[in-house]
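Commentary on secondary and tertiary structure
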Amino acid sequence: MYLKNVLLKYAGIAILSISFSSIVISCSDDDSNSPEENGGAVMMVDPEKGNSKVVWNYTNLGPDVWATLSTDFEDCGKGTSQSPIDLNTSQIIKKGPATGLTFSYKMNSALVALNNTHTNEFKVEKGSFVTFNGKMFELAQFHGHAKSEHEINGSQSPLELHFVHVAEDGELLVVGVLIDEGEENENYTSFWTEENFLETQKESVEQEVAGTHDLSKLLPTDSDLYQYGGSLTTPPCTEGVNWNVLTEKITMSAAQLSLFTDIFNNNYRPVQALNDREVISTEEEDVL
Ligand SMILES: [Zn+2]
């Protein structure tokens, strides 16, 4: 079951009409695999999925040709609200903290490490949420792109993580954080280890991560945010995604970054046109 099968379009806006339970079913690349079969008792969800039957990548079947690979991927070419974008701080409108995001992530979450051939991902046990404009979105998984997909004033970072959340009605919200090389990041060391970065195979491979993990420390929850309406950055490039990119970058050591980039070092989509969209931030407007 894939997103493409359940999209409805109203007035040019893609509406995700999936029920929460059907997203849970879609957590495996293999339709015959139930969540119970690949995660034990822990239910995992994985909404940021493309059509795994159509081969795409970041090289010979890369972002420039995604839209030609399947009619289901047409938003990758024709969409006008695509992600990622360059976050040009001179164009961003500061609206203050009223448009903030509240995090409620589990401090003892189980994880499943997944290499889905496009990225390394960590599927998250149910029970971690964000609240955005009074609506709850559940954290499903987080994964990386190297280099970063979003740029800040035209500059990429070595890595960007996407924390993918889904509401009960299927609406998506992604929190992005850019990661620069610097101090070792101790908040990630319980699972950001060599054994949890699986070699790429022809098909997805996954394994349970030992122990439980404090997700509440993975992001600086007091950071301001850049907010805009965009899309999935992978096929089918579905629009209607609430994007929140942290204004504050985090660091990882060179060794930590290498765990990811030794497997994926070119899995980013270039920035897309902003068109008539507005990017706002939760920063207070400068008082002159
Ligand atoms: Zn992503």
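Residues numbered from 1 in each chain as written. Predicted model: local features only at pLDDT ≥ 70, side-chain atom pairs only at ≥ 80, totals over all residues.

Now for the overall build of the protein chain. On a plain count of helices and strands, the protein chain comes out with five helices and 17 strands. In the protein chain, which comprises 288 residues, the proportion classed as buried is 42%. A separation of at least 24 residues holds for 69% of the contacts in the protein chain among residues at least 6 apart in sequence. (Helix = DSSP H or I, 4+ residues; strand = E, 2+ residues; numbered from the N terminus. Buried ≥ 20, exposed ≤ 12 C-beta atoms within 10 Å, placed from the backbone. Contact = placed C-beta atoms within 7 Å.)

Turning our attention to the environment of Thr 193. Counting through the fold element by element, Thr 193 comes out in the loop between β12 (172-181) and β13 (205-208). As a C-alpha pair, Thr 193 and Val 209 span 16 residues in sequence and 9.9 Å in three-dimensional space.

Looking now at the confidence of the model for the protein chain. Per-residue pLDDT for the protein chain averages 85, and the proportion of residues at 70 or more is 81%. Taken together, the stretch residues 1-43 has pLDDT below 50 and engages in 63 contacts with residues farther than four places along the chain or on a different chain. (pLDDT = per-residue confidence, 0-100.)

Turning to the nonpolar core, a few remarks are in order. Within the largest apolar cluster, 53 residues are counted, with the highest numbers of intra-cluster contacts made by Leu 159, Phe 163, Val 174, Val 177 and Ile 179. Aside from chain neighbours lying at most four places away, what touches Leu 159 is Gly 144, Ala 146, Ser 148, Ile 179, Met 252, Leu 257 and Phe 260. (Core = buried A, V, L, I, M, F, W, Y, C linked by C-beta atoms within 7 Å.)

By the element assignment, Asn 120 lies in strand β7 (residues 120-124). Along the primary structure Asn 120 and Phe 264 are separated by 144 residues, whereas in three dimensions their C-alpha atoms are 7.8 Å apart. Not counting chain neighbours up to four residues away, the residues in contact with Asn 120 comprise Asn 115, His 143, Gly 144, Phe 197, Phe 260, Ile 263 and Phe 264.

This part takes up the environment of Phe 197. Tracing the chain through its elements places Phe 197 in the loop between β12 and β13. The class for Phe 197 is partly exposed, based on 19 C-beta atoms found within 10 Å. Each C-alpha atom, one on Phe 197 and one on Asn 115, is 7.4 Å from the other, the two residues being 82 residues apart in sequence.

Attention shifts here to the pairing of strand β6 (residues 111-115). Sheet faces and side chains relate simply in a regular strand, where the side chains alternate between the two faces. Across the five residues that make up β6, a large majority, four, are buried. Examined bridge by bridge, β6 and β7 share five bridges and lie antiparallel to one another. Residue pairing across strands places Leu 111 opposite Val 124, the latter belonging to β7. Taken together, β6 and the strand that follows it, β7, pair antiparallel across an intervening segment of four residues, in which Thr 117 is found at a positive phi of about 80°. Bridge count for β6 against β13 is four bridges, and the pairing is antiparallel. By the bridge assignment, Ala 113 is partnered in β13 with Gln 207. (Pairing = 2+ DSSP bridges.)

Our focus in this paragraph is unusual backbone geometry. Residue Pro 84 is reached from Ser 83 by a cis peptide bond, and omega for that bond is 5°. If you trace the backbone, Pro 84 turns up in the loop between α4 (75-78) and β3 (86-87). In this model, Pro 235 is joined to Pro 236 through a cis peptide bond whose omega is 10°. Of note, Pro 236 is situated in the loop between β14 (225-231) and β15 (239-246). A positive phi angle, close to 80°, is found at Thr 117, a residue other than glycine. Note on Thr 117: 18 C-beta atoms within 10 Å, which makes it partly exposed. At Asn 133, a position not held by glycine, the phi torsion is positive, near 50°. Considering the arrangement of structural elements, one finds Asn 133 in the loop between β8 (129-132) and β9 (135-145).

With that out of the way, let us pick up helix α5 (residues 254-261). Residues of α5 that are buried: Gln 256, Leu 257 and Phe 260. On an axial view of α5, the arc spanned by its buried residues comes to 95°, and they lie on one face. Exposed and oriented more than 90 degrees from the buried face of α5 are Ala 254 and Ala 255. Among the structural elements, β7, β9, β11 (159-166), β12 and β16 (250-252) are those in contact with the buried residues of α5. (Arc of directions from axis to C-beta.)

A separate point is the pairing of β7. The buried fraction of β7 is high, at five of five residues. Judged by which residues are buried, β7 turns out to be covered on both faces: Asn 120, Phe 122 and Val 124 on one side and Glu 121 and Lys 123 on the other are all buried. Relative to β9, β7 runs antiparallel, the two sharing three bridges. When the sheet's bridge partners are listed, Phe 122 is paired in β9 with Phe 142.

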